[in-house]
Amino acid sequence: MTAKTDLTGTVALVTGATGGIGRATVGALTEAGAQVIASDIGVNAQVDGAAMYAPLDVTSEAAWADVIGRIEREFGRLDRLVNNAGISVTNSVAATSLSEFRKCFAINVEGVFLGTRAAQPLLARGGEGREGGSSIINLSSVGGLRGAAMMSTYCASKGAVKLFSKSAALEFAALKLPIRVNSVHPGGIETDMMDTIFARYVDEGLFPDMDAARAAVSAGHAVGRMGRPAEIAEGIAFLASPAASFMTGSELVIDGGMTAR
Amino acid sequence: MAGRLEGRIALVSGGLRGIGKAICDCLEADGAVVYATDLDAPDSEAARAAAHYIQLDATSEDAWIAARARVEQDFGRLDILVNNVGADLTGKVQDLALADWRRLITLNLDTVFLGTKTFQPLLAKAGASTPYGSSIVNISSIMGLVGMGEVSAYNASKGGVRLFTKSNALEFADAGVPIRVNSVHPGFVETPLLRKGFENWAAREGTTADAMIEAMAQTTPFKRLAQPVEIGKVVAFLASDDASYMTGSEVVVDGGWTAR
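What you are looking at is a predicted structure, and each value in this text was computed from that prediction instead of being measured. Chains are numbered independently. Their residues run from 1 in the order of the written sequence. Here chains are named by letter from A upward and ligands by number from 1 upward, in the order in which they appear as written. Whole-chain, interface and lining totals are the exception, using all residues; otherwise, since this is a predicted model, local features are given only for residues with pLDDT of at least 70 and side-chain atom pairs are given and counted only at 80 or more. To obtain the side-chain values, all non-hydrogen atoms of the structure were included, while hydrogens and water were left out.

Asks: What exactly am I supposed to notice about the overall build of chain A here?
Replies: Regarding its fold elements, chain A presents seven helices and seven strands. Counting from the N terminus, the helices are the DSSP runs of H or I reaching at least four residues and the strands are the DSSP runs of E reaching at least two. Along chain A, helices (α) and strands (β) appear in the sequence β-α-β-β-α-β-α-β-α-β-α-α-α-β when read from the amino end. Here the C-alpha atoms of chain A give a radius of gyration of 18 Å, agreeing with the 18 Å that 2.2 N^0.38 yields for 261 residues. Overall, the C-alpha framework of chain A stretches about 55 × 40 × 40 Å when taken along its three principal axes. A simple rule labels every residue: compare its accessible area, found with a 1.4 Å probe on the protein chains alone, to the largest value its type can have, and call it buried under 20%, exposed over 50%, or partly exposed in between. When each of the 261 residues of chain A is scored for burial, the buried share is 56%. Here, two residues are considered to be in contact whenever any of their heavy atoms come within 4.5 Å of each other. Restricting the contact set of chain A to residue pairs at least 6 apart, pairs at least 24 apart contribute 69%. Working definition of accessibility: Shrake-Rupley area with a 1.4 Å probe, residue cover restricted to the visible protein chains. For chain A, the accessible surface area stands at approximately 9900 Å², while carbon and sulfur atoms represent 55% of it. Based on C-alpha atoms, the radius of gyration is set beside the globule rule, defined as 2.2 Å times the residue count to the power 0.38.

Asks: Please explain the sheet that holds strand β5 (residues 134-139) of chain B as it appears in this structure.
Replies: The strands making up a sheet associate through backbone hydrogen bonding, with each pair oriented either parallel or antiparallel. All names here are of chain B. DSSP bridges decide pairing: two strands pair if at least two such bridges lie between them. Taking strand neighbours across the sheet as the criterion, the seven strands line up as β3-β2-β1-β4-β5-β6-β7 in an open arrangement whose pairing is parallel. In the strand order of this sheet, the two ends are held by β3 (52-55) and β7 (250-253), each with one partner. Recorded for the sheet is a direction-independent mean angle of 20° between the axes of neighbouring strands. Pairing analysis gives five bridges linking strand β1 (residues 9-13) to strand β2 (residues 33-38), with the strands arranged parallel. Looking at β2, one finds that Val-12 is bridged to Ala-36. Helix α1 (residues 18-29) contacts β1, β2, β4 (80-83), β5 and β6 (179-186) of the sheet and is inclined by roughly 170° relative to β1. Taken strand by strand, helix α8 (residues 228-239) contacts β4, β5, β6 and β7, and its axis lies near 165° from that of β6. In this analysis an axis means a line fitted to C-alpha atoms, helices contributing only their contacting stretch, and an angle means the value between N-to-C directions, from 0 to 180 degrees.

Geometric values such as these leave the question of function open.
Next up, the structure:
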């Protein structure tokens, strides 16, 4: 048993909580003692450890208002927001439709904006007088730091998340709102999303099969393997905790050395 | 409840004061056995307050080799190396003496190289017996990321630490050596080193250190300096298995300074 980050007495909302990183994040925050509201697009879902599941389409302003209102009524506070919901697009620029591009931005970027805006009042109140204040953690990607072939839409969206995070961090600091904002940049992680990306690589003829795609992506990490969802979740839990009290506007890169090159 | 660093052996250079002292405290709080090294004589008050102390001139390879011998004899392994020792230098390029430049590069960069080189075998040995390997944490600075006027030597040295870290991380990963290597980039931290640096600078500018420190706090988005413990806790995270997929990363702890 290791002494984890202590989040006792805090309430956290995790979007995209039924995906690989989302589930692991709910688990890590719960283990640290937080009450966690898990949300995702589905009407119902079972997420281990969650105190509550709340269906949430992150692209809908009305849905955000509903969920934040429900959290205020049922928990009375909100201290951490993990904007984790996201989708990938793996396609050439030429073949990407405008609607596909917009859908990616609606979920990956507008979702972060809407979530931040909707949660800000509760987070500001939750952070008052609390060591390290409140914390927003936005899931960007190594794709928000570097480009990748066939990933232009996704990389553009994750680059937007990176700089939205920094601007929000500076804005809240300037307004003296006790809300830290940081971004997390995972490398390739063992999730359904990566399998979707591998399948698209194969469709596009970049690799002969899934195994070849997986091997190439694994080798792209200095440590020679993809990451596990829990390895991202621990970084998120760290940023959520008072241990990161002087961190705002920072990028936490968890990529097995991929971008050190 | 056992800490997440229970059973781990750590060494922190420059560990008696400021950020180094806070790092030692945070690693110990998580259960590690921690050696602090510094220039103090072993019978100094600060040295006697440390749980384990090694007198070490971190610019001397012989001194590092002697420190390794001590750790090897005591525990036969090292899990965590924090290359924290460093110094400050400000001044216009035209006014910097080559000797002062060299001294700063030696203190901030040679020390990281020597610590890493000397302890690699003990770190690799420990890393092979833990689930996610050993961890080296190098203390760079926001001044290793962005420039500032009249800070050229310090900028150069800390930029050197940043890329030494990445190269070292890749070298170990490529060779399958189980040591993660990451850098931490503090903003302005309330330490004796910071105050001394500002005192020297303030004397030249005809102002006071307090006034300069307050002005510096106001340039930080958080409108305050960091406390050393806020760096120590980040180092403890990187030292632990919680950061198992992190190598070659730079963790910026600056209250938003470089987000602009």
